[in-house]
Amino acid sequence: MLSKKERALIKEIWEKLTPEAERIGSEALLRMFVSYPGSKTYFSHLDISPGSAHLLSHGKKIVLAIAEGAQDISQLMVTLAPLQTLHAYQLRIDPSNFKVDKSVCFLELFSHCMLVTLAAYMGDEFTPIAHAAMDKYLSAFAAVLAEKYR
Amino acid sequence: MVEWSDKERGIINSLFSTLDYEDIGSKTLSRCLIVYPWTQRYFANFGPLYSAEAITTNPNIAAHGVKILHGLDRAVKNMDNIKTAYTELSVLHSDKLKVDPDNFTLLSDCLTIVIAAKMGSAFTPETQATFQKFLAVVVSALGKQYH
């Protein structure tokens, strides 16, 4: 559960990071592709080599969606409705499933790589409290995305 | 058996030879207790844990974090035989400490993030992947003797 304070903190962080959406998003994706090569299979239709136009634009898209969700976390189900359909029916990306071996939960793996990216970018500012709030937010985000799977 | 390329060995050795154990160790354990509060159940006798501030300034937690981090030295010195090297520690965590092995992954995720925060962009995707591979092997070895 995200407290009022945590929601405000998340909103503030993503507002600050929005100008860097392309850089942060593409880095998080790249980290995921290098650590978990299986995740690349969902991008076989794109050129996702480091620095590629596709990687930058796709990373930006993802961060902007996360930042938009952060504006009003209580409305995540509404904000993410179109993305839910996309991920579940069209993309069919393996959703986070807390009981399964991590190697098959790509939404969760992306969340982890996003946390690493934020830590590398924010340094000390990525405090334990910010980390905890962000982890909870990204889990909630991924859970909503996975809602329509079955 | 786990295969390590020369590059991977180099990355791991370099990372640990420049590691500030006091700083990273204390930060990692306290972060784990804050981000995953249920892990506090193993530290009931360590003093105040009632807030993030209390945890971060708790000297017992800090000292224990450093101890845990040094526990990884064994793996760095025995990269080709991590499983055997951790037999004793695995038995300790299972029989005496009674730690749910799922928590090892949580701690290693926190360690990754603390190191990323310290190294910034020097913690490249490749370094991250190698470090995570290393930690996964240690985590697996620590869970091996549970019965």
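Residues numbered from 1 in each chain as written. Chains lettered and ligands numbered in written order. Predicted model: local features only at pLDDT ≥ 70, side-chain atom pairs only at ≥ 80, totals over all residues. Heavy atoms only, no water.

Per an unreviewed UniProt entry, chain B goes by Hemoglobin subunit beta-1-like and derives from Salarias fasciatus.

The name an unreviewed UniProt entry assigns to chain A is Hemoglobin subunit alpha-D-like, from the organism Salarias fasciatus. UniProt, in its Sequence similarities (unreviewed entry) section for chain A, records the words "Belongs to the globin family." (UniProt positions renumbered as here; feature names shortened; annotations may be inferred.)

Chemist: I would appreciate a short explanation of the overall build of chain A in the present structure.
Modeler: In terms of regular secondary structure, chain A is built from 7 helices and 0 strands. Going from the N terminus to the C terminus, chain A shows its helices and strands as α-α-α-α-α-α-α. Expected size for 150 residues packed as a compact globule is a radius of gyration near 15 Å; at 15 Å, chain A falls within 12% of this value. For chain A, the spread of C-alpha atoms along the three principal axes comes to 40 × 35 × 25 Å. Counting every position in chain A, which comprises 150 residues, the buried fraction comes to 48%. In chain A, once contacts between residues fewer than 6 apart in sequence are set aside, the share between residues at least 24 apart is 71%. Accessible area for chain A stands at about 7600 Å²; split by element, carbon and sulfur atoms hold 58% of it. Across chain A, 16 positive and 16 negative side-chain charges occur, with their mean positions spaced 4 Å apart. (Helix = DSSP H or I, 4+ residues; strand = E, 2+ residues; numbered from the N terminus. Rg over C-alpha atoms; globule rule 2.2 N^0.38 Å. Buried < 20%, exposed > 50% of the residue type's maximum accessible area, 1.4 Å probe, protein only. Contact = heavy atoms within 4.5 Å. Areas by Shrake-Rupley, 256 points an atom, 1.4 Å probe, with all protein chains shown as cover. Lys, Arg positive; Asp, Glu negative; His and termini not counted. Charge placed at Lys NZ, Arg CZ, Asp CG, Glu CD.)

Chemist: Before we go on, may I ask you to explain the nonpolar core in this structure?
Modeler: Soluble, globular proteins show a tendency: their nonpolar side chains are buried together. Ranked by size, the top nonpolar core spans 81 residues in total, and within it W14 and Y137 of chain A together with F134 of chain B carry the most contacts. The element best represented in this core is helix 6 (residues 106–122) of chain A, accounting for 12 residues. Non-local contacts of F134 of chain B, meaning those with residues more than four positions away in its chain, are made with W4, I12, F16, L72, A75, V76, M79 and I82 of chain B. In this structure, I34, F46, L49 and I61 of chain B belong to the second largest nonpolar core, which totals 8 residues. (Core = buried A, V, L, I, M, F, W, Y, C linked by side-chain atoms within 4.5 Å.)

Chemist: It is not clear to me how helix 7 (residues 87–96) of chain B should be interpreted in this structure. Could you clarify?
Modeler: It helps to recall that an α-helix has 3.6 residues per turn; residues three or four apart then point in one direction. All names here are of chain B. Listed in full, the buried residues belonging to helix 7 are L89, S90, H93 and S94. Each buried residue of helix 7 lies within a common arc of 130 degrees when the element is viewed along its axis, so the set occupies one face. Away from its buried face by more than 90 degrees, helix 7 exposes E88 and K96. Packed against the buried residues of helix 7 are helix 5 (73–77), helix 8 (102–119) and helix 9 (125–143). Phi for K98, located one or two positions after helix 7, is positive at around 50 degrees. (Arc of directions from axis to C-beta.)

Chemist: What is the right way to read the environment of L2 of chain A from this model?
Modeler: Residues and elements named next belong to chain A. Its place among the elements puts L2 in the segment before helix 1 (4–17). Exposure remark for L2: the relative accessible area of 10% places this residue in the buried category. In this structure the C-alpha to C-alpha distance between L2 and L83, which are 81 residues apart in sequence, comes to 22 Å. Beyond its immediate stretch of four places on either side in the chain, L2 contacts R7, I73, A133, K136 and Y137.

Chemist: How do you make sense of the UniProt feature "domain: Globin" (unreviewed entry) in chain B when you look at a structure like this?
Modeler: Summarizing the sequence annotation, UniProt attributes the feature "domain: Globin" (unreviewed entry) to residues 3–147 of chain B in the numbering used throughout. Between the first and last C-alpha atoms of residues 3–147 of chain B the distance is 27 Å; the span itself is 69% helix and 0% strand.

Chemist: Got a minute to help me understand the environment of L109 of chain A in this structure?
Modeler: Residue and element names in this part refer to chain A. Within the secondary structure, L109 sits in helix 6. In this structure L109 comes out as buried when scored by relative accessible area, which is 1%. Through-space distance from the C-alpha of L109 to that of I62 is 14 Å; in sequence the pair is 47 residues apart.

Chemist: What's the story with the pattern of salt bridges in this structure? I'm lost.
Modeler: For side chains of opposite charge, pairing can occur when their charged atoms come near one another. Under the definition given, this model contains 9 salt bridges over all chains. The residue E6 of chain A makes a salt bridge to K136 of chain A at a minimum N-O spacing of 3.0 Å. Pair noted here: E6 of chain A is in helix 1 and K136 of chain A is in helix 7 (residues 128–146), with a separation of 130 residues, a long-range link. The salt bridge involving R9 of chain B is made with D80 of chain B; its shortest N-O contact spans 3.0 Å. One end of the pair, R9 of chain B, is in helix 1 (residues 6–17); the other, D80 of chain B, is in the loop between helix 5 and helix 6 (82–85), and 71 residues separate them in sequence. Among the charged side chains, a salt-bridge network with shared partners connects D20, D23, K27 and K118 of chain B. (Salt bridge = Lys/Arg side-chain N within 4 Å of Asp/Glu carboxyl O.)

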